[in-house]
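# Residue-level structure breakdown
Here's the letter readout for the chains.
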Amino acid sequence: MLGRRGLWGNLTLTVAVVLLLLFCLFPFVQILSTSLKYQADWGNPSLIPTQFNWDAYLELLGWGETEELAIPPSIERLLDRPGLTDAQRERILAPYRETADIFPFPRYFLNTILLAGVAALIALALAVFGAYAFSRVRFTGQAIIQRSILFVYMVGGVLLMVPLYQIAVGVGLAATPWGSVVALVLIYVIQTLPVSLYMLGNYFRTIPYSLEEAAAIDGCTRIETIFQVIIPLSIPMLVTVYIYAFIIAWNEFLFASVFLRQYDDLYTLPLGLQTLFVSKNAIWDRIMAASILTLLPVLVLFTFAMRNLTGGLAAGGVKE
Amino acid sequence: MKPQTVLERAENRFGWQLVAPSLGVIGLLILYPILYNVYLSFFDVQLVGDNVFVGLENYQRLLTDSAFYDSLTTTAIYLLGTVAGTTLLGLGAALLLNQDFPGRNVVRGLILLPYFAPVISVVFGWQFIFDPVNGVYNYMVVEVFNLTDERMNVIRDPDLGVIVVIVFDIWKHFPIAYLLILSKLQSINTDLYEAAAIDGHGPWGRFWHVTLPELYFVLGTIVILRFIWNLNKFEEVFLLAPNVQTLPIFTYYTAFTGVIDQGLAASVSVIQFVLLCGLIWFYVKKVLKW
């Protein structure tokens, strides 16, 4: 009835699909390719390296021996000048230092995992109870609260950067490293809480009410019902929401740069990578390798969460 | 409605106990800061010492500052470009991948990749593509097609940079538009297409009279939500092209770099917040129809 595609139809379809895939995947291929190239090869538009260079990965992961860059004789002579202070000497040498000490990838990786992991966990714990109340309990002011959640869900972090910074300074959190970390965890919690409430609330509504009635007849209190019926039935969705909240925090750059700028031991990956990029020129292979290593955990998590996530996103609308 | 019976009162109390922690956190760290921001915008905020009340002076300075107007223009170009591009490409991709062909599921999965990749892990790849020395963009434009004579640093250029940012943003976000549109497309009853075909409509007519009306709600949602999210975008613009100053980047520079002026930055945020509220109001009234 609706007709089948002819030869031309098939051809157009194939070309369109290939173009779309090319557009989506080319940047990834480019990143992977550059991460494996030697410097001489960077300007070569071919995506296959003429010679594979694994040094960038080995160096970032701390496995390779890092070779010192040779210091040119002119610079050596400059350093021998007697009037130089230590600070000046340090500044002249900085571009020739190995990158490992300015980009300790494993440490940044761990920092980011801890920050994002703790924040997502707190958000999830708060959201389970809030979402249960929205989907199952009737209380005055429920409608207005739910709409307020939708509203704050659309207020981005950028609008809050000045007041949150001022508040953190005011209560003294911004002055110490650990205070800054606490402030950052709290900020990640509020960035992920509204979307967690929203996604979980939608999911809880799909759990049959009769299961809870059965639990009530068996003598469970409401709180026990949450722990013994709702939570066990929602494990896949809880994992999904956790991963989603984790990724939001994993990606965050703005507040990390505001609060952690002076504490380089505490840098998260986005902040570390950006610092590496602006402080050193022409180390594309390291930057691309670091990009790939930042991408991988998210891809792994994403393949786990994929099935639930796409359904949840399509049902809900999305926080970014 | 006030709770009447003992049971209803207990239920009411239980509900409030459950939402209280979430509400507390949101109230303290979102609603209060929004109000505090309005308050700060009336002050000359000092990094050390007491703030000085200046009334509307921050706003007056903004309204006479050409950099602020430039930022508004950049924001408008960025929003229009990204929203139109994301929606259209999302629609195209959804229609395309709604067709039946071998390997369709793999393709459907792969094109979600840009959306889920962390911004930080892809921006430097895009920087490399447009790098004046090594990038493939300049290679194509200069060496292959001879469109210009010399290699350009397009990302650093304040006028052209915004175009790169728009393309990047479309690349990054069309998958979510595609996903929402595709799931709606799959729910359209094929009888409608059969009926339209019997009425003599070709493929174009079927698209115009069946598909588009069915997609009206989801397209409206995508357009308005993209306006809202993109107005709030910071990372993607700042990390890719620090010279492209949309409102959030303008605020960031004012608040944390150079001559730090957090009072002025707060007043930019207030103006952005008013714009955002307008968009949210439009979304609630016209799309959600509350």
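Bear in mind that the values here come from a model prediction, so they are computed numbers and not experimental data.

Within chain B, the regular secondary structure consists of 13 helices and two strands. For chain B, whose C-alpha radius of gyration is 24 Å, the value lies well above the compact-globule estimate of 19 Å for 290 residues. Each principal axis of the C-alpha distribution contributes one length, and for chain B these read about 80 × 75 × 30 Å. Every one of the 290 residues in chain B was classed for burial, and the buried ones make up 53%. A separation threshold of at least 6 residues defines the contact pool for chain B, and within that pool the share at least 24 residues apart is 63%. Carbon and sulfur atoms make up 65% of the accessible area of chain B, which totals about 13,500 Å². Chain B carries 16 positive and 22 negative side-chain charges, and their two centres are separated by 13 Å.

What follows concerns helix α13 (residues 269-279) of chain A. By the criterion of burial, α13(A) is predominantly enclosed, with eight of the 11 residues buried. Inspection of α13(A) places Leu269(A), Pro270(A), Leu271(A), Gly272(A), Leu273(A), Gln274(A), Leu276(A) and Phe277(A) among the buried residues, and these make up the whole buried set.

Taken as a whole, chain A shows an average pLDDT of 83; of its residues, 84% reach a score of 70 or greater. Per-residue pLDDT stays below 50 along residues 312-319 of chain A; that stretch engages in 24 contacts with residues further than four places along the chain or on separate chains.

Moving on, we come to the interface of chain A and chain B. Counting residues at the interface gives 90 residues for chain A, matched by 95 residues for chain B. The junction of chain A with chain B conceals about 8,400 Å² of combined surface from both sides, 79% of it contributed by carbon and sulfur atoms. At the boundary of chain A and chain B, one finds one salt bridge. With a shortest N-O distance of 3.0 Å, Glu11(B) and Arg222(A) are connected by a salt bridge. The interface formed by chain A and chain B includes 12 residue pairs in polar contact (both at pLDDT 80 or more). Residue composition of the side of chain A that touches chain B, by class: 68 nonpolar, 13 polar and nine charged.

For helix α10 (residues 203-231) of chain B, built from 29 residues, the straight-helix expectation of 42 Å at 1.5 Å per residue is missed by more than 12%, its first-to-last C-alpha distance being only 36 Å. At Tyr216(B), α10(B) shows its largest bend, some 55°.

When the domains of chain B are assigned, the result is domain 1 (1-33) and domain 2 (65-287). Here the C-alpha centre of domain 2 of chain B lies 38 Å away from the C-alpha centre of domain 1 of chain B.

This part is about the packing of helix α5 (residues 105-136) of chain A against helix α10 (residues 222-233) of chain A. Residue and element names in this part refer to chain A. With their axes 12 Å apart at the nearest point, α5 and α10 run at an angle of 100° to one another. With respect to their mutual orientation, α5 and α10 come out roughly perpendicular. Within the contact between the two elements, α5 uses Val128, Phe129, Tyr132 and Arg136 and α10 uses Arg222, Ile226, Phe227, Ile230 and Ile231. In terms of residue class, the contact of α5 with α10 is made up of seven nonpolar, no polar and two charged.

Of all residues in chain B, 99% attain a pLDDT of 70 or more, and the chain-wide mean is 89. Within chain B, helix α3 (residues 66-97) of chain B carries the highest mean pLDDT (95), whereas helix α7 (residues 136-144) of chain B carries the lowest (84).

Moving on, we get to the packing of aromatic side chains. What characterises a pair of aromatic rings is the spacing of the ring centres plus the angle enclosed by the ring planes. Residues and elements named next belong to chain B. Considering all chains together, one arrives at 41 aromatic pairs over all chains under this definition. Look at Phe68 and Tyr69: their rings are 6.0 Å apart centre to centre, the planes differ by 65°, and that puts the pair in the edge-to-face class. Judged by its relative accessible area of 39%, Tyr69 falls in the partly exposed class. A ring pair is formed by Phe234 and Tyr252, whose centres lie 4.9 Å apart and whose planes are at 55°; its orientation type is tilted. Of this pair, Phe234 sits in the loop between α10 and α11 (235-240) while Tyr252 sits in helix α12 (residues 247-256), and the two are 18 residues apart along the sequence. Residue classification places Tyr252 among the buried positions, given a relative accessible area of 6%.

Conventions we followed
Residues numbered from 1 in each chain as written. Chains lettered and ligands numbered in written order. Predicted model: local features only at pLDDT ≥ 70, side-chain atom pairs only at ≥ 80, totals over all residues. Heavy atoms only, no water. Helix = DSSP H or I, 4+ residues; strand = E, 2+ residues; numbered from the N terminus. Rg over C-alpha atoms; globule rule 2.2 N^0.38 Å. Buried < 20%, exposed > 50% of the residue type's maximum accessible area, 1.4 Å probe, protein only. Contact = heavy atoms within 4.5 Å. Areas by Shrake-Rupley, 256 points an atom, 1.4 Å probe, with all protein chains shown as cover. Lys, Arg positive; Asp, Glu negative; His and termini not counted. Charge placed at Lys NZ, Arg CZ, Asp CG, Glu CD. pLDDT = per-residue confidence, 0-100. Buried area = accessible area lost by both parts, 1.4 Å probe. Salt bridge = Lys/Arg side-chain N within 4 Å of Asp/Glu carboxyl O. Polar contact = N/O pair within 3.5 Å; in protein donor to acceptor, adjacent residues only side chain to side chain. Nonpolar A, V, L, I, M, F, W, Y, C, P; charged D, E, K, R; others polar. Expected span 1.5 Å × (residues − 1). Bend = angle between axes of the 7 residues up to and from the residue. Domains from an automatic or database assignment. Axes fitted to C-alpha atoms, helices over the stretch in contact; angles between N-to-C directions. Parallel < 35°, antiparallel > 145°, perpendicular 65-115°, else oblique. Phe/Tyr/Trp six-rings, centres within 6.5 Å; stacked < 30°, edge-to-face > 60°.

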